[in-house]
Amino acid sequence: MILKYDVIVIGGGHAGCEAACASANMGARTCLVTMDMNKIAQMSCNPAVGGIAKGQIVREIDALGGQMGLVTDATAIQFRMLNRSKGPAVWSPRAQCDRGKFIWKWRAMLDATPNLDIWQDQAEELLVEEGQVAGVKTIWGCELRAKCVIITAGTFLHGLMHIGRKMVAGGRIAEPAVEHLTESITRHGIRSARMKTGTPVRIDKRSVHFEDMERQDGENGYYKFSYMGEQRPLQQLPCWVCYSNEQVHEILRSGLPDSPLYNGQIQSIGPRYCPSIETKLVTFPDRPQHLLFLEPEGENTNEMYLNGFSSSLPIDVQIEALKKIPALRDLKVYRPGYAIEYDFFDPTQLKHSLESKIINGLFMAGQVNGTTGYEEAGGQGTLAGINAAMKAGAAGGDTGEKTFVLHRDEAYIGVLIDDLVTKGVDEPYRMFTSRAEYRILLRQDDADARLTEKAYKIGIAKRDRYDWWIEKKKHIEEIEEFCKTFAIKPKVVNGALEAAGSTPLVYGCKLEDLVARPELNFEKLYKIVPELHDIIERLPNRKEEIAEAAEIHIKYKGYIEREQMVAEKMHRLENIKIKGKFDYPNLSAISTEARQKLEKIQPETLAQASRIPGVSPSDINAMLVLMGR
């Protein structure tokens, strides 16, 4: 049987679901191929979305017209805004989700998406004709033909699970590995390698002594992930905190000879910023305890997730060690932690659109590009889906040559993709705020300001989302204009300023000058300037969200403008195209390392070349001089 589409998406994880929705919403006839329709967007590890920098990515997906924020809000059982003790540039939303409801909410989203079919099967072979992708063949003999194919296979490519010395092929516990798809891709010259990740034990909450743990509640404020939709509908549940101890560590150390990480069984590299408990013991031998979080998996399940205890040690070692934690002395588990190795492809062989430089029409997104995390996967999937639809000619108003690319000063998704295609990966890539040089511009509160109008113009963000942003933008501007023009008289406010711990005024000023003071915020100023409170109270909806966005923009206006100037200078280098203009191996004016790196990556612009490790500022200057010639 042969089925024909514009775009085929391989894999129903977080990257695949966003890619399929984005492609279909752009107008492309799209087919999502997944091995199990009942495990769409499975949260294979932690049942949570967001976190440091990851929360910003989810807000960006939402602003672009994606679904992850909506699904998360609908299934959240705890919400927190991380980093609130720091500046708003690094505030990061995070939510625990009901794992089962998350899957079915995503399934409902896919079922309601026009132009999108789901085919339950396993892709076995990539079809390529004269350097152009043509489709895929499946293990059941079906041939799916398309102008573009997006690979989002997660950990399934040659997936191999480890618990102690026991090894079982699989892409996830109780799910089969994909054995032949990698070879059908690499035979065309695309490089692959291996990575490793892991997941912790799952615990029966009926066996836990919660009285010996510290309770950690979420926030019940107005924050959400999506700028659309309603407030969280599910029951909000607490997480719990406990610690490992020396008795736990002693038992874990006794199992190290059987640990796949240390007996040579696993050769690939795991995630630096989410290490297993055995890696923590070896890396930090003098630390007497490690922080652990016990997190609910859903509203109506006894299953709980032990964050911080990822492990591939033998089953008996894991359980025996955990029973030495007072709160877990009567522990019962549903399943032990395990490690998994899988194939990924060198992302430096991709364009910024996530299309392969080698096979025309082939796109890749998610863990197959060397990343880790649902959010990083979803962000890549969104961009891959948009660009595949454009490439297929179903959107963008032309024959498919147009691409949609986000720059480093426009989105964390732009930082993520630029890092991948410019620098490559030698370990699973995780996004942090520190990776973004323009993080004052990339706040969680302004994702819609940065991206929604762009997304609406290309057809991915729909009218309701665009109208909400235009309304929000209008109200933000109204508040900013009021603060800019409202006059403050010293004798009227000085007493209140002193009571608020702020220096009294000598001369009159505008309200925005008070907003800019670090010790003052809108909440304190409502008492000093009731007119400000009246303006915000008159807003028709989302008044807290709008007020916060306006306050941050006023308070950090100078920093924002300065960072925008720096970004604009870098854009000058982005406009200098160098692809195909240099014979790098014979370019004697630059260093040997620069020649090798530039020849391998073939950057599109001088700005991208400047970000390649090993390419120095003097190399860039030399290339500028040669361009002048």
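Residues numbered from 1 in each chain as written. Predicted model: local features only at pLDDT ≥ 70, side-chain atom pairs only at ≥ 80, totals over all residues. Heavy atoms only, no water.

Undergrad: Describe the side chain of S92, listing the residues and the values that go with them.
TA: For S92, the position within the fold is in strand β6 (residues 92–97). At a separation of 3.1 Å, a polar atom in the side chain of S92 contacts the main-chain carbonyl oxygen of V90. Filtering out sequence-adjacent residues up to four positions away, S92 remains in contact with G51, I52, A53, Q56, R80, M81 and L82. (Helix = DSSP H or I, 4+ residues; strand = E, 2+ residues; numbered from the N terminus. Polar contact = N/O pair within 3.5 Å; in protein donor to acceptor, adjacent residues only side chain to side chain. Contact = heavy atoms within 4.5 Å.)

Undergrad: Could you give me a rundown of the nonpolar core, with the residues and numbers involved?
TA: Nonpolar side chains in soluble globular proteins tend to end up buried together. If you look at the biggest cluster of nonpolar residues, it comprises 134 residues, and the most contacted ones within it are W106, I151, I479, L511 and L532. For this core, the leading source of residues is helix α9 (residues 374–391), giving eight residues. If we skip the residues at most four places from it in the chain, L532 touches I479, F482, C483, L511, F522, L525 and Y526. Counting residues in each nonpolar core, the second largest holds 24 residues, with I203, C242, A321 and I325 among its members. (Core = buried A, V, L, I, M, F, W, Y, C linked by side-chain atoms within 4.5 Å. Buried < 20%, exposed > 50% of the residue type's maximum accessible area, 1.4 Å probe, protein only.)

Undergrad: Help me get a handle on the environment of L181, residues and values and all.
TA: Within the secondary structure layout, L181 lies in helix α5 (residues 181–186). With 172 residues separating them along the chain, L181 and V9 place their C-alpha atoms 14 Å apart. Contact partners of L181, with chain neighbours within four places excluded, come to I10, A123, E124, E125, L126, I151 and L157.

Undergrad: Give a description of the pattern of salt bridges that names residues and reports values.
TA: Going through the model one piece at a time under the given rule, you end up with 43 salt bridges. Close ionic contact of K54 with E375 constitutes a salt bridge, the shortest N to O distance being 3.3 Å. In this pair, K54 is assigned in helix α2 (residues 54–63) and E375 in helix α9, connecting sequence segments 321 residues apart. This pair shows no difference in class: K54 is buried, exactly as E375 is. (Salt bridge = Lys/Arg side-chain N within 4 Å of Asp/Glu carboxyl O.)

Undergrad: Account for the environment of S226, with residues named and values stated.
TA: Along the polypeptide, S226 turns up in the loop between β15 (214–216) and β16 (239–243). The exposure class of S226 is buried, given its relative accessible area of 1%. As for S226 and G65, which are separated by 161 residues in sequence, their C-alpha atoms are 9.8 Å apart. The residues contacting S226, other than those within four sequence positions of it, are D62, G69, L70, D73 and R465.

Undergrad: An account of the state of the cysteines is needed here, citing residue identities and associated values.
TA: Inspection of the entire model under this criterion finds zero disulfides. The cysteine C242 is free of any disulfide, with C239 supplying the nearest cysteine sulfur at 12 Å. Given a relative accessible area of 5%, C242 falls into the buried group. Unpaired in this structure, C274 has its nearest cysteine sulfur neighbour in C45, at a distance of 6.1 Å. (Disulfide = S-S within 2.5 Å.)

Undergrad: Kindly report on the sheet that holds strand β5 (residues 76–82), identifying the contributing residues and their values.
TA: The strand order across the open sheet formed by three strands is β4-β6-β5, and the pairing between neighbours is antiparallel. Pairing within the sheet leaves two strands with one partner each, and these edge strands are β4 (48–50) and β5. Looking at each pair of strands side by side, their axes are set apart by 15° on average, direction ignored. Two elements, β5 and β6, share six bridges in a ladder whose sense is antiparallel. Its bridge partner lying in β6, M81 is registered against P93. (Pairing = 2+ DSSP bridges. Axes fitted to C-alpha atoms, helices over the stretch in contact; angles between N-to-C directions.)

Undergrad: Break down the pairing of strand β9 (residues 132–138) for me, citing the residues and quoting the values.
TA: β9 sits mainly inside the fold: five of its seven residues count as buried. When strand β8 (residues 123–129) meets β9, the two strands line up antiparallel, connected through six bridges. Of the residues in β9, the one forming a bridge with L126 is V136. Between β8 and β9, which pair antiparallel and follow one another directly, the connecting turn spans two residues, one of which, E130, has a positive phi of 55°. Note: β9 against strand β10 (residues 143–145), three bridges, orientation antiparallel. Bridged to G135 within β10 is R145. Counted between consecutive antiparallel strands, the loop separating β9 from β10 contains four residues, among which G141 sits at a positive phi close to 85°.

Undergrad: Talk me through the packing of helix α6 (residues 246–254) against helix α8 (residues 315–322); I want residue IDs and the actual numbers.
TA: For the pair α6 and α8, interaxial distance at closest approach is 8 Å and the crossing angle is 170°. Here α6 lies roughly antiparallel to α8, going by the angle between them. Residues V248, I251 and L252 of α6 lie in contact with α8, whose contacting residues are V317, E320 and A321. Looking at the contact of α6 with α8, its residues break down into five nonpolar, no polar and one charged. (Parallel < 35°, antiparallel > 145°, perpendicular 65-115°, else oblique. Nonpolar A, V, L, I, M, F, W, Y, C, P; charged D, E, K, R; others polar.)

Undergrad: Describe the sheet that holds strand β7 (residues 116–120), and please don't skip the residues or the numbers.
TA: Taken in spatial order, the five strands of this open sheet run β7-β3-β2-β11-β21, and their pairing is parallel. The outermost strands of the open sheet, each flanked by one partner alone, are β7 and β21 (362–364). Pairs of neighbouring strands in the sheet enclose a mean axial angle of 20°, with direction left out of account. Where helix α1 (residues 14–25) meets the sheet, its contacts fall on β2 (7–10), β3 (30–34), β7 and β11 (148–151), and the angle it forms with β3 comes to roughly 165°.

Undergrad: Could you give an account of the packing of aromatic side chains, naming the residues involved and the relevant values?
TA: Here the structure, examined in full by the defined rule, presents 10 aromatic pairs. Arranged with centres 6.3 Å apart and planes meeting at 50°, the rings of F522 and Y526 form a pair that is tilted. Separated by four residues within a single helix, F522 and Y526 lie in helix α15 (residues 522–528), roughly one turn from each other. On the basis of relative accessible area, F522 is assigned to the buried category, the value being 2%. By way of ring pairs, the aromatic residues F79, Y222, Y223 and F225 are connected into one cluster. One Lys or Arg, R287, reaches over the ring of F284 and ends 4.6 Å from the middle of that ring. The ring centre of Y429 lies 4.2 Å from the NZ or CZ of R435, which sits over that ring. (Phe/Tyr/Trp six-rings, centres within 6.5 Å; stacked < 30°, edge-to-face > 60°. Lys NZ or Arg CZ within 6 Å of the ring centre and 35° of its normal.)

Undergrad: For α1, give the residues involved together with the corresponding values.
TA: Owing to its 3.6 residues per turn, the α-helix aligns residues three or four sequence positions apart on the same side. Along its 12 residues, α1 runs 16 Å from first to last C-alpha, staying within 8% of the 16 Å computed at 1.5 Å per residue. Counting buried residues in α1 gives 12 out of 12 residues, a clear majority hidden from the surface. Those residues of α1 that fall on the buried side of the exposure criterion are H14, A15, G16, C17, E18, A19, A20, C21, A22, S23, A24 and N25. Phi turns positive, to about 105°, at G27, one or two residues after α1. (Expected span 1.5 Å × (residues − 1).)

Undergrad: Residue-level account of the side chain of D73, with values.
TA: Mapped onto the secondary structure, D73 falls in helix α3 (residues 68–75). At 4.0 Å, K224 is the nearest oppositely charged side chain to D73, a buried residue that forms no salt bridge. Among the polar contacts made by the side chain of D73, one reaches the main-chain amide nitrogen of F225 at a distance of 2.9 Å. (Lys, Arg positive; Asp, Glu negative; His and termini not counted.)

Undergrad: So what's going on with unusual backbone geometry? Residues and values would help.
TA: In the Ramachandran plot, N115 falls in the positive-phi region, its phi being about 70° despite a non-glycine side chain. In this fold, N115 is placed in the loop between α4 (99–111) and β7. With a relative accessible area of 40%, N115 lands in the partly exposed category. With a phi angle near 70°, A174 is a residue other than glycine that sits in the positive phi range. In this structure A174 comes out as exposed when scored by relative accessible area, which is 73%.

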